[in-house]
Amino acid sequence: MSNIEIANMTRRSLSGAALGLTAAGLFGAIAGTVRAEQASGGQKNSVPLTASETIEAGDLKVAYSAIGPQDGSPVILLHGWPYDINSFAEVAPILAAQGHRVITPFLRGYGGTTFLSEKTKRNGQQSALAIDTIKLMDALKIDRATVAGFDWGARTADIVAALWPERCKALVSVSGYLIGSQATGKNPLPPSAELQWWYQYYFATDRGRQGYAKYTNDFAKLIWKLASPRWDFDDATFDQSAAAFVNPDHVEIVTHNYRWRLGLTDGEKRFDKYETKLATAPEIPVPTITMEGDANGAPHPDPKAYAGKFKGRYEHRQISGGIGHNLPQEAPTAFAQAVLDADTWA
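Rules and cut-offs
Residues numbered from 1 in each chain as written. Predicted model: local features only at pLDDT ≥ 70, side-chain atom pairs only at ≥ 80, totals over all residues. Heavy atoms only, no water. Helix = DSSP H or I, 4+ residues; strand = E, 2+ residues; numbered from the N terminus. Buried < 20%, exposed > 50% of the residue type's maximum accessible area, 1.4 Å probe, protein only. pLDDT = per-residue confidence, 0-100. Contact = heavy atoms within 4.5 Å.

### Focus on unusual backbone geometry
Part 1 of the reasoning: Geometrically, the link from tryptophan 81 to proline 82 is a cis peptide bond, its omega value of -5° lying close to zero.
Part 2 of the reasoning: Following the sequence through the fold, proline 82 ends up in the loop between β5 (73-78) and α2 (91-97).
Part 3 of the reasoning: Its identity as a non-glycine residue notwithstanding, aspartate 151 has a phi of 55°, on the positive side.
Part 4 of the reasoning: With respect to the helices and strands, aspartate 151 occurs in the loop between β8 (145-149) and α4 (152-163).
Part 5 of the reasoning: When its relative accessible area of 14% is taken as the criterion, aspartate 151 is described as buried.
Part 6 of the reasoning: Although it is not a glycine, alanine 281 adopts a positive phi angle of roughly 55°.
Part 7 of the reasoning: Among the structural elements, alanine 281 can be located in the loop between α12 (272-278) and β10 (288-293).
Part 8 of the reasoning: The exposure class of alanine 281 is partly exposed, given its relative accessible area of 25%.

Next comes the structure, spelled out in C-alpha cells:
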C-alpha cells in the first residue's frame, strides 16, 4: 500500500470547508510505485551530495551540486534550516535518472556559498533568498525550472512561483504556502502556538545569538529531534549536514531571518518592492503539489488554509509512516515522485 494520500484541495473544496462542509471524499490512495518509507535511520546508505560547482550569482558565490544530463529539464531543490543540500541526497539521483538536470545549491549562510563583498548586508529576509534563486538561474542560463523545497526552501520556492511564474515550470512545497510578511509576524498568536516558535524569540535576544553561535550543532540537533520526532537519524547523518553550518555568515543569516520576521530588524530597501507584493499574499498560478508528513513536529499550517492560494493544477499529498519536517530526507521517493509528477503537469 502506498504511503501517500492525496487531497485534491480545489478552490471549491476550500470554500466548502470554510462553510463547515465535510472534506470527506477528498482523500484517497494514490496509484503508482512509490514505496512506503519509514522514518528510521535517515540516509545511512546514501551517497552524500557534493557541491563541487561554484558560480557567481547576484550577491553570492554559490556552491551547488549539479547532477543529471546537461540538457535535461531543470529542477532546483532548496533546503531549509537547520539542514543542508543532503536533505536531497537520495532525491537528486532519482530525478537525474529520469533525465532531469538537478541543481541543489547551498543557501546563503550555508556550506561553501559565500558573499562576494564584505559590504553586503548579511540579510536573511524572505525576498533576498528568492532573488538568490533567480540570480542563480540567470547565471546558469536556466530560463525555467521546476522548483521544490521544504522549510526556508519551500518559502523561497513559493516566492519564486508567485513573483516570477514565468521562471517556474512547476512547484513542490512541503507545508504548502509559506509566504509571510513583517505585519503578519507582528500579530500575536495563542500561547500554545507561540510556544512552537520558541526559537524565534530566543534568536530575538543577544543571548540567543550568542547561544546559537556557541552551540550551533547542539541547537540544530535539538531542532531535528523536535521537528521529526520519529526520524531515527544517526550521528553520521547529522554530522554530514552540520558541516554546512561552519560558514562565516551562518549565525548572522539565521538570526536576521527570524528577527526580520518579527519586525525587530530591517531588511534592505532594494527588496521593498518585492516585500510589498508578498505582503498581499499573492496567488500562485503554476502547477503545484504541496506535501506534509504525518509526524511533522514543526509549526505548519493546515492544508485547507492555503489550498485556495494555488490557482493552477493542484494536489496535496499527506505522507504517512512517521514522516517529519525534513520530508525529502525522510521520504525521498515520495518527494521525488511529487517533483516528477508536478513537472509533467506543466
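### Details of the confidence of the model for the protein chain
Part 1 of the reasoning: Chain-level pLDDT for the protein chain is 90 on average; 87% of the residues reach the 70-or-more range.
Part 2 of the reasoning: Contacts of residues 8-36 to residues separated by more than four positions or lying in other chains number 42 contacts, the stretch itself having pLDDT below 50.
Part 3 of the reasoning: This model gives residues 38-43 a pLDDT under 50, and the stretch forms 26 contacts once residues within four places in sequence are excluded.

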